[in-house]
Amino acid sequence: MQMKKLLTIFFLIPLLYACAAPPEAPPPKVDLVFPPPPEQPRFYFENSLISSAQIYREDKDKRLRRLLTGETEQGVGFSKPFDVAACGGRIYVSDSVRRVVMAFDVPGARYFEIGVDEPGALIKPLGVNTDADCNLYVVDATAKRINVYAPDGQFQYAVGGQALFERASHVAASSKTGRIFVVDTGAVTGSAHRIRVFAMQTGEHLFDIGKRGREPGALNLPRDIEIGHDGLVYVVDGGNFRIQVFEQDGRFVKSFGSVGRQFGQFARPKGIAADANGNLYVSDASHGNFQIFDNEGRLLLFIGDRKATDGPAKYMLPAGIDVDGDGRVYMVDQFFRKVDIYRPAALAKTGGALGAWYAATDNATAAVK
């Protein structure tokens, strides 16, 4: 009797498979867009930069071999990324543990490191920024100075010194006015919460912007700084949960923002960037996103969610942020050790300074299909 049951089950199994519905095809890949439909798209999630291996272009033979064997590309990854600057197709990421600025030259399909050797060796690189000529400015928090490099990483000169900063953290530079603006975040119990301004050519300390306080124009634990398309200086006033705006001579203009968990408010504002249209991008480590404002402080859009697991537009500890000349947005997440890249909807995937990167990837993929 037992054998009869087994035989019945044996012959029924093929029939059950025959009657089952065929497996569904996987859903087509859909671009992650912000805001989501039915709203008009403003940005597409484009890529997560995690390793230097992504920069090197593959020919079709190498890509086919990797797809067939399952071997992974080897490269240099982030240890503790802090800030990002992008200019002319180069993506510069400061890493405070690796003690270098990691440079991803997309048009040149190469990777190199800045601040390895003297002169210009770095101890603890934090804030990075570029000027109109793509020269790179790097805050060395331990040396308490700002190192300036050519776009290819060649050291040019340094400004600052041990006696001039309590806790230097970020930097912005204006080629038009020849000034370098450095955020001195200061100690929690200290009074030196300010922006220190230097002459670009001579390194001379010219004047300071702000003092510790809560009134308009005062600062409390300032975090980041950016020079807008309008020439104004925008400062993340972290301890006051607002963005403060100054003329380059230090005169206070306005501020916007407040503490809170609602859209348009700040909880732990970190980084700031500006685009060519005058919009401002502010990362927030508590919200797990970045918010986009017009230059009057009106919220236009927010992108990202706070999550404990990595994924596109998912963040645990967002930090530095930048916008390049094409309008692409780059944001660091320290916890997931990545830089997420977003493309404005008006820009083709193969357009702009990163276009060749995506064109090469698409062509290599098509060649092995």
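Residues numbered from 1 in each chain as written. Predicted model: local features only at pLDDT ≥ 70, side-chain atom pairs only at ≥ 80, totals over all residues. Heavy atoms only, no water.

## Observations concerning the pairing of strand β17 (residues 242-246)
- Among the five residues that make up β17, five are buried, leaving the element largely enclosed by the rest of the structure.
- Taking every second residue as pointing to the same face, both faces of β17 are buried, with Arg242, Gln244 and Phe246 on one and Ile243 and Val245 on the other.
- Inspection of the sheet shows strand β16 (residues 233-237) paired to β17 by five bridges, in the antiparallel sense. Residue valine 233 lies in a different strand from β17, and its bridge partner there is phenylalanine 246.
- Between β16 and β17, which pair antiparallel in sequence order, lie four residues; one of them, phenylalanine 241, sits at a positive phi of approximately 55 degrees.
- Pairing geometry for β17 and strand β18 (residues 252-256), over four bridges, is antiparallel. Along β18, the bridge assignment pairs glutamine 244 with serine 255.
- Hairpin connection from β17 to β18: five residues lie between these consecutive antiparallel strands, with glycine 250 at a positive phi of about 100 degrees. (Buried < 20%, exposed > 50% of the residue type's maximum accessible area, 1.4 Å probe, protein only. Helix = DSSP H or I, 4+ residues; strand = E, 2+ residues; numbered from the N terminus. Pairing = 2+ DSSP bridges.)

## Description of the confidence of the model for the protein chain
- Chain-level pLDDT for the protein chain is 89 on average; 85% of the residues reach the 70-or-more range.
- The low-confidence segment residues 3-28, where pLDDT is below 50, has zero contacts with residues more than four positions distant or belonging to other chains.
- Every residue in residues 364-369 is under pLDDT 50, and counting partners more than four places away or in other chains gives seven contacts. (pLDDT = per-residue confidence, 0-100. Contact = heavy atoms within 4.5 Å.)

## Here we look at the pattern of salt bridges
- Here the structure, examined in full by the defined rule, presents 14 salt bridges.
- A salt bridge links arginine 242 to aspartate 237, with the nearest nitrogen and oxygen atoms 2.8 Å apart.
- Residue classification places arginine 242 among the buried positions, given a relative accessible area of 10%.
- Owing to a relative accessible area of 0%, aspartate 237 belongs among the buried residues under this scheme.
- With a shortest N-O distance of 2.7 Å, aspartate 294 and arginine 298 are connected by a salt bridge.
- For arginine 298, a relative accessible area of 52% translates into the label exposed.
- Salt bridges linked by common partners bring Glu46, Arg328 and Arg343 together as one network. (Salt bridge = Lys/Arg side-chain N within 4 Å of Asp/Glu carboxyl O.)

## Notes on the nonpolar core
- Within the largest apolar cluster, 20 residues are counted, with the highest numbers of intra-cluster contacts made by Ile91, Phe104, Tyr330, Val339, Leu354 and Trp357.
- Listed by contribution, the elements that provide at least two residues to this core are β3 (81-87), β4 (90-95), β5 (100-105), β26 (329-333), β27 (338-344) and α3 (355-367).
- At three residues, β5 tops the list of elements feeding residues into this core.
- In contact with leucine 354, not counting residues within four places along its chain, are Glu46, Gly89, Ile91, Val106, Arg328, Tyr330 and Ile341.
- Core analysis: the second largest hydrophobic core is formed by 16 residues, Phe45, Leu301, Tyr315 and Val323 among them. (Core = buried A, V, L, I, M, F, W, Y, C linked by side-chain atoms within 4.5 Å.)

## Quick word on the environment of alanine 150
- One can find alanine 150 in the loop between β9 (145-149) and β10 (155-160).
- Residue class for alanine 150 comes out buried when judged on its relative accessible area of 12%.
- Linking alanine 150 and tyrosine 137, residues 13 residues apart in sequence, is a C-alpha distance of 9.1 Å.
- Ignoring any residue separated from it by four or fewer positions in sequence, one finds alanine 150 in contact with Asn135 and Gln156.

## Notes on the packing of aromatic side chains
- Within this structure, the stated rule accounts for 15 aromatic pairs.
- Ring geometry for phenylalanine 43 versus tyrosine 281: centroids 6.3 Å apart, planes at 85 degrees, classification edge-to-face. In this pair, phenylalanine 43 sits in strand β2 (residues 43-49) while tyrosine 281 sits in strand β20 (residues 280-284), placing the two residues 238 residues apart along the sequence.
- Ring geometry for phenylalanine 165 versus phenylalanine 198: centroids 5.7 Å apart, planes at 50 degrees, classification tilted. Note that phenylalanine 165 is positioned in the loop between β10 and β11 (168-174) and phenylalanine 198 in strand β13 (residues 194-199), a separation of 33 residues in sequence. Of the two residues, phenylalanine 165 and phenylalanine 198, both sit in the buried class. (Phe/Tyr/Trp six-rings, centres within 6.5 Å; stacked < 30°, edge-to-face > 60°.)

## Points about unusual backbone geometry
- For the bond from proline 37 to proline 38, the omega torsion is 10 degrees, close enough to zero to count as cis.
- Its place among the elements puts proline 38 in the loop between β1 (33-34) and β2.
- The step from glutamate 118 to proline 119 runs through a cis peptide bond, and the omega angle for that step is -10 degrees.
- With phi around 65 degrees, arginine 99 is a residue other than glycine that occupies positive phi space.
- Relative to the helices and strands, arginine 99 resides in the loop between β4 and β5.
- Residue arginine 99 is classed as partly exposed on the basis of its relative accessible area, which comes to 48%.
- A positive phi angle is found at lysine 144, which is not glycine, with a value near 55 degrees.
- By the secondary structure assignment, lysine 144 is in the loop between β8 (136-140) and β9.

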